[in-house]
Amino acid sequence: MFLMMQNMEEIQNYLRLALEQRSFLSESVHSQALRLFNGFAEGCPELVVEVFADTLVLYDYSLAGNGPFIESVREWYLERLPWVQTVLWKQRNAALPAQRAGVLIFGEHLATQIEEDGVLYALDLQLNRDASFYLDTRFLRNWLHENMQGKHVLNLFSYTGSLGVAALAGKAKRIVQSDINPRFINLARTSYRLNGFPVSKADFLVEDFFKAVSRFKQGGKLFDCVILDAPFFSQTNAGRVDLLQDSQRLIQKVRPLVAHNGWLIVVNNALFLSGAEFLSNLEQQCAGGYLQIEQMISIPEDICGYSQTEANSYPADPTPFNHPTKIAILKVKRKDFRTAG
């Protein structure tokens, strides 16, 4: 285990350096969601630390869980962040689902919402191994907030719907949220209610990705923007998703749903897929002239880690992207010039 090769004093030094770099974020942290330590890049690959309002979440990536180490980390942060009310320990590789979802090791009440860019997002920090809200797509939410006014948007693999919520906050005309898990979709509905957005049953689809896309194609439905933020790997009776080996196929599958001059947003978080290879794949997709890479969205520094705190390298170099979560906005042209609506 990696932790056996490090002493606590060394790890605490990494934590201190990371927290110092993020000190400017602490003034408004009480309602926000931020990453305080990215151990994969900042010196301890078995630990990631995030904060959601007043709840600290400790992600333990050790193979068997390391209770004494996590207790030491908890006490270290509580001493420096006295406003933290609750600490949740998530054992990412645990055999028991409850341990992966998270166990309270301090306090009683988990945060149930955060605010970002003036938008409220509902949380269920024990929903699964993740925290129900992905921090790495913060700048993508900003982009959607700023660019989706009056647009029709389809959010595929929507998870808890944060990208769609951001687009709706930016006055999108309609957002369709689609995910196979009803618990995820229900949390998206809660975010709508927090912001006073209307909740229409037709806008929340609990459906397999492949079936939903086929149905939209058969109905001739087009959207101004389609968001493709698929999991790294998944398989159902209808098909398989593999972002490492076969991301191009997904792009080709959903491209027909995008209106003329619309956008296809592609997110690929495959850790072992280099940025150069991902970009090359996109350029191959664009060779026919119907797709164009318009913009690449970076990942916030508090998520990646800072140049001053960098102590580890990722398994695959994400360059020209700044993180293994690689985000590209593609502009779509259509032969038939059809528009959305």
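Residues numbered from 1 in each chain as written. Predicted model: local features only at pLDDT ≥ 70, side-chain atom pairs only at ≥ 80, totals over all residues. Heavy atoms only, no water.

Visitor: How should I be thinking about the sheet that holds strand E1 (residues 33–38) in this particular structure?
Guide: Strand pairing in a sheet is mediated by backbone hydrogen bonds. Such pairs are either parallel or antiparallel. In space, the five strands of this open sheet follow the order E1-E2-E3-E4-E5, with mixed pairing throughout. Only two strands of the sheet have a single partner each, and these edge strands are E1 and strand E5 (103–106). Across the sheet, the mean angle separating the axes of adjacent strands is 25 degrees when strand polarity is ignored. When E1 meets strand E2 (residues 47–52), the two strands line up antiparallel, connected through five bridges. (Pairing = 2+ DSSP bridges. Helix = DSSP H or I, 4+ residues; strand = E, 2+ residues; numbered from the N terminus. Axes fitted to C-alpha atoms, helices over the stretch in contact; angles between N-to-C directions.)

Visitor: What should I look at first to understand the side chain of Glu 207 in this one?
Guide: Checked against the element boundaries, Glu 207 lands in the loop between strand E10 (204–206) and helix H8 (209–218). Judged by relative accessible area, Glu 207 falls into the buried class, the value being 19%. Setting aside residues up to four positions removed in sequence, Glu 207 forms contacts with Ser 178, Asp 179, Ile 180, Ala 212 and Arg 215. (Buried < 20%, exposed > 50% of the residue type's maximum accessible area, 1.4 Å probe, protein only. Contact = heavy atoms within 4.5 Å.)

Visitor: I keep staring at helix H9 (residues 247–254) and nothing clicks. Help me out?
Guide: Residues spaced three or four apart along an α-helix point in a common direction, a consequence of the helix completing one turn every 3.6 residues. Within H9, burial applies to Ser 247, Leu 250, Ile 251 and Val 254. Viewed along the axis of H9, the buried residues span an arc of 100 degrees, placing them on a single side of the element. (Arc of directions from axis to C-beta.)

Visitor: What is the right way to read the packing of helix H5 (residues 138–147) against helix H6 (residues 162–169) from this model?
Guide: Describing two packed helices takes the angle between their axes plus the distance from one axis to the other. Between H5 and H6, whose axes approach to 6 Å, the crossing angle comes to 30 degrees. Considering their axes alone, H5 and H6 lie roughly parallel with respect to each other. For H5 against H6, the interelement crossing comes out right-handed. Of the residues in H6, those in contact with Leu 140, Arg 141, Leu 144 and His 145 of H5 are Ser 162, Leu 163, Ala 166, Ala 167 and Ala 169. For the contact of H5 with H6, a count of residues per class yields six nonpolar, two polar and one charged. (Parallel < 35°, antiparallel > 145°, perpendicular 65-115°, else oblique. Left-handed = near helix turned anticlockwise from the far one by under 90°. Nonpolar A, V, L, I, M, F, W, Y, C, P; charged D, E, K, R; others polar.)

Visitor: Looking at this structure, how should I read unusual backbone geometry?
Guide: With the exception of glycine, the majority of residues adopt a negative phi angle, and the majority of peptide bonds are in the trans configuration. A cis amide bond links Thr 319 with the next residue in sequence, Pro 320, at an omega value of 15 degrees. In this fold, Pro 320 is placed in the loop between helix H11 (301–304) and strand E16 (326–332). Phi is positive for Ser 132, close to 75 degrees, though the residue is something other than glycine. Residue placement: Ser 132 occurs in the loop between strand E7 (119–122) and H5. In this structure Ser 132 comes out as buried when scored by relative accessible area, which is 0%. Of note in this structure, Lys 171 is not a glycine but carries a positive phi near 70 degrees. For Lys 171, the location among the structural elements is in the loop between H6 and strand E9 (174–179). Look at Lys 171 and you get exposed, because its relative accessible area is 59%.

Visitor: Before we go on, may I ask you to explain the confidence of the model for the chain in this structure?
Guide: In the predicted model, the chain carries a mean pLDDT of 94, and the fraction of residues at 70 or more is 96%. Note that pLDDT drops below 50 for residues 1–5; the model gives that stretch 13 contacts with residues more than four away or on any other chain. (pLDDT = per-residue confidence, 0-100.)

Visitor: For this particular structure, what's the right way to read the pattern of salt bridges?
Guide: Oppositely charged side chains may form a pair once their charged atoms are brought near each other. Within this structure, the stated rule accounts for 13 salt bridges. Arg 92 is the partner of Asp 130 in a salt bridge, and the nearest nitrogen-oxygen pair spans 2.9 Å. Residue Asp 130 is found in the loop between E7 and H5, and its partner Arg 92 is found in the loop between strand E4 (86–91) and helix H4 (97–101); the two are separated by 38 residues along the sequence. Relative accessible area serves as the criterion here: at 11%, Arg 92 is assigned to the buried category. Because the salt bridges share partners, they merge into one network encompassing Glu 116, Arg 138, Arg 141 and Asp 302. (Salt bridge = Lys/Arg side-chain N within 4 Å of Asp/Glu carboxyl O.)

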